[in-house]
Amino acid sequence: MANDPIHQFQIARWIPIDVGGIDLSFTNSSFFMVATVAVASAFLYLTSSNRGLIPTRLQSVSEMAYEFVASTLRDSAGTAGMRFFPFVFSLFMFVLTANVLGLFPYFYTVTSQIIVTFALAILVIGTVLVYGFAKHGFKFLGVFVPSGVPAALLLLVVPIEIISFLSRPISLSVRLFANMLAGHITLKVFAGFVVSLGSLGALGIGGAILPLIMTVAITGLEFLVAFLQAYVFTVLACMYLNDAVHPGGH
Amino acid sequence: MATGNEPDQSGSVGNTPDAGKPLTSVELENRRRDLEAKLASKGVGRKTGSKDEGTGTASGVAQAMKLSSEFIAGVLVGAGLGWLADRFLGTSPWGLIILLLLGFCAGTLNILRSAGHVAENRGFELDKSDDREKPE
């Protein structure tokens with residue numbers, strides 16, 4: 001089905017692996033995750049291997065990525081938050097590379113699967129919880145208790161704060177997943193119009209120009225969204241990690 | 001950067017009277033200080049400039065996605081917790097009703113927080129001796 005906008009998200013088992021009834025097949029999704037890691041690592045390694053004092057264009061791209069993540073993390077979580085820098089930087093590079101790789105025709109968009117983005121979000125929240133409890137012990141639970149609230153209201157406010165905290169990984173993952181999914185479906189639908197209108201003869205070819213312009217425009221927008229969502233994911237991850245480092249002060 | 005002992009002339013303006021002469025170290029020092037001051041003022045300008053959000057459609061859509069996902073996540077988590085409570089504690093339907101309402105509150109709180117209308121949860125006060133107190 002060339003015209004099915006959902007077809008691009010189908011998982012194809014490339015190397016079926018089955019361990020004790022659990023499906024661990026190497027799929028197209030797995031392949032593009034490996035490719036994402038490989039491309040991101042290779043890019044960073046190759047662009048920073050020269051280490052020129054005057055950076056080449058590509059070297060300055062990877063330096064910009066580094067400085068962007070470092071300053072975001074330092075702004076939101078302070079110098080103490082910099083211990084999470086390798087984690088946050090890997091996260092940013094993975095999401096960004098996966099988003100950008102997904103824009104190539106016939107490539108699979110890893111971040112359009114909610115389970116992938118949810119795993120990334122759980123990784124962030126899990127780090128917050130583990131580090132928060134390890135560093136502050138049970139005082140970390142104070143993150144759920146706003147200061148200056150009457151004791152009678154705490155019964156209501158604390159559950160709300162807990163639900164609000166638990167909703168973070170969901171909103172974090174749903175945002176990234178929904179943006180990528182919606183963008184790719186829109187792109188495919190408009191591109192499908194071009195084909196089906198073009199097959200209608202001379203008048204159709206004239207009419208097909210409009211969705212073609214739209215497709216070009218949406219492709220540009222999708223590049224913006226790919227960067228923007230990687231940026232938003234990183235900023236929010238930094239904000240949540242700030243809770244782990246400084247549960248008291250914002 | 002060029003090596004310090006032989007200043008290159010690429011940066012000097014051609015029509016100044018001493019264009020041909022090599023620069024003294026004092027002049028270079030002054031230049032460096034000027035550049036530093038300029039860069040500092042630019043850096044400050046950029047930081048304050050990045051605060052205001054763009055008003056274009058794309059950033060508006062991004063903002064809408066952000067706020068709606070915050071709200072939906074709150075309601076979903078509330079409903080999910082309520083459903084789990086009902087299932088495992090046998091409190092049906094009260095768990096779902098109460099936690100759905102609380103989830104609605106949490107979703108609203110999420111929105112207001114991410115839009116910056118409600119201060120972030122301050123929680124308990126830790127010792128203030130850490131790096132957050134440094135002016136940035």
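So, how was this worked out
- Residues numbered from 1 in each chain as written.
- Chains lettered and ligands numbered in written order.
- Predicted model: local features only at pLDDT ≥ 70, side-chain atom pairs only at ≥ 80, totals over all residues.
- Heavy atoms only, no water.
- Helix = DSSP H or I, 4+ residues; strand = E, 2+ residues; numbered from the N terminus.
- Buried < 20%, exposed > 50% of the residue type's maximum accessible area, 1.4 Å probe, protein only.
- Contact = heavy atoms within 4.5 Å.
- Areas by Shrake-Rupley, 256 points an atom, 1.4 Å probe, with all protein chains shown as cover.
- Lys, Arg positive; Asp, Glu negative; His and termini not counted.
- Charge placed at Lys NZ, Arg CZ, Asp CG, Glu CD.
- Patch = residues over 30% accessible without salt bridge, like charges linked within 9 Å, V, L, I, M, F, W, Y side chains within 5 Å.
- Salt bridge = Lys/Arg side-chain N within 4 Å of Asp/Glu carboxyl O.
- UniProt positions renumbered as here; feature names shortened; annotations may be inferred.
- pLDDT = per-residue confidence, 0-100.
- Core = buried A, V, L, I, M, F, W, Y, C linked by side-chain atoms within 4.5 Å.
- Phe/Tyr/Trp six-rings, centres within 6.5 Å; stacked < 30°, edge-to-face > 60°.
- Lys NZ or Arg CZ within 6 Å of the ring centre and 35° of its normal.

J.: An account of the overall build of chain A is needed here, citing residue identities and associated values.
T.: The secondary structure content of chain A amounts to 7 helices and 4 strands. For chain A, the N- to C-terminal ordering of α and β elements is β-β-β-β-α-α-α-α-α-α-α. On the principal axes, the C-alpha backbone points of chain A span a range of 75 × 55 × 45 Å. Counting every position in chain A, which comprises 250 residues, the buried fraction comes to 43%. Excluding contacts between residues fewer than 6 apart, the proportion of contacts in chain A whose partners are at least 24 apart in sequence is 66%. Accessible surface, chain A as shown: approximately 12,900 Å² in total, 75% of it carbon and sulfur. Positive and negative charge centroids in chain A, built from 10 and 9 side chains respectively, lie 8 Å apart.

J.: Hey, could you go over the overall build of chain B for me, with residue numbers and the actual values?
T.: Helix and strand content of chain B: 3 helices and 0 strands. Tracing chain B from N to C terminus, the helices and strands come up as α-α-α. Considering only residue pairs separated by 6 or more positions, chain B has 36% of its internal contacts joining residues 24 or more positions apart. Only carbon and sulfur atoms are counted for the fraction: they give 63% of the accessible area of chain B, which is about 9,900 Å².

J.: How would you summarise a nonpolar patch on the surface if you had to cite specific residues and measurements?
T.: On the surface, a cluster of nonpolar side chains totalling about 670 Å² of accessible area is made up of A:Trp14, A:Ile15, A:Ile17, A:Val19, A:Ile22, A:Leu24 and A:Phe31. Take A:Ile22: it is sitting in strand β3 (residues 22-23).

J.: I'd like a rundown of the UniProt feature "transmembrane region" (unreviewed entry) in chain A, residues and numbers included.
T.: Residue and element names in this part refer to chain A. On the UniProt side, "transmembrane region" (unreviewed entry) is annotated at positions that read residues 30-47, 84-108, 114-134, 141-165, 185-211 and 223-242 here. Secondary structure content for residues 114-134 is 100% helix and 0% strand, while the C-alpha to C-alpha distance between its ends is 29 Å. Secondary structure across residues 223-242 divides into 100% helix and 0% strand, with the first and last C-alpha atoms of the span separated by 29 Å.

J.: How would you explain the confidence of the model for chain A if you had to name every residue and give the values?
T.: Per-residue confidence for chain A gives a mean pLDDT of 86; residues scoring 70 or more make up 98%. Highest mean pLDDT in chain A belongs to helix α3 (residues 85-101) of chain A (93); lowest belongs to helix α6 (residues 202-207) of chain A (81).

J.: How would you sum up the nonpolar core? Please name residues and give values.
T.: Most often, soluble globular proteins have nonpolar side chains that are buried together. Formed by 42 residues in total, the largest nonpolar core has its most connected members in A:Leu73, A:Phe85, A:Val88, A:Phe92, A:Val128, A:Phe233 and A:Tyr240. Per element, the largest residue contribution to this core is 11 residues, and it comes from helix α7 (residues 209-245) of chain A. Those residues in contact with A:Val128 that lie beyond four places of it in its chain are A:Phe140, A:Phe165, A:Tyr240, A:Leu241 and A:Ala244. With 8 residues, the next largest nonpolar core counts A:Ile160, A:Ile163, B:Val77 and B:Ala106 among its residues.

J.: Explain unusual backbone geometry residue by residue, including any values.
T.: Located in the positive-phi region is A:Tyr106, a residue other than glycine, with phi close to 70 degrees. When you line up the elements, A:Tyr106 lands in the loop between α3 and α4 (114-136).

J.: Kindly report on the environment of A:Gly183, identifying the contributing residues and their values.
T.: All names here are of chain A. Inspection of the secondary structure puts Gly183 in helix α5 (residues 151-198). Note on Gly183: relative accessible area 7%, which makes it buried. Between the C-alpha atoms of Gly183 and Leu103, which are 80 residues apart in sequence, the distance is 9.9 Å.

J.: Before we move on, can you summarise the packing of aromatic side chains with the specific residues and values?
T.: Under the definition given, this model contains 15 aromatic pairs over all chains. Judged by centre distance (5.2 Å) and plane angle (55 degrees), the rings of A:Phe68 and A:Phe92 are tilted. With A:Phe68 in helix α2 (residues 57-77) and A:Phe92 in helix α3, this pair connects stretches of sequence that are 24 residues apart. Judged by relative accessible area, A:Phe68 falls into the partly exposed class, the value being 24%. Here A:Phe92 falls in the buried class, since its relative accessible area comes to 8%. Members of the aromatic cluster, connected to one another through ring pairs, are A:Trp14, A:Phe31, A:Phe32, A:Phe104 and A:Phe107. Taking the ring centre of B:Phe88 as reference, the NZ or CZ of B:Arg87 above it sits at 6.0 Å.

J.: Go over the pattern of salt bridges, please, and point to the residues and values.
T.: Under the defined criterion, the tally for this structure stands at 7 salt bridges over all chains. Between A:Arg13 and A:Asp23 there is a salt bridge, with the nearest N and O atoms lying 2.7 Å from each other. With A:Arg13 in strand β1 (residues 13-15) and A:Asp23 in strand β3, the pair connects residues that are 10 residues apart, well separated along the chain. The exposure class assigned to A:Arg13 is exposed, which follows from its relative accessible area of 53%. Residue A:Asp23 is classed as partly exposed on the basis of its relative accessible area, which comes to 40%. The shortest N-O distance in the salt bridge between B:Glu29 and B:Arg33 comes to 3.7 Å. Of this pair, B:Glu29 and B:Arg33 both sit in helix α1 (residues 25-49), separated by 4 residues, roughly a single helical turn. A relative accessible area of 32% means that B:Glu29 is categorised as partly exposed.

J.: Lay out the environment of A:Val37 with the relevant residues and their values.
T.: Residues and elements named next belong to chain A. Among the secondary structure elements, Val37 is positioned in helix α1 (residues 28-48). Under the relative-accessibility criterion, Val37 is labelled partly exposed at 44%. C-alpha of Val37 to C-alpha of Ser90: the two residues are 53 residues apart in sequence and 9.2 Å apart in space.

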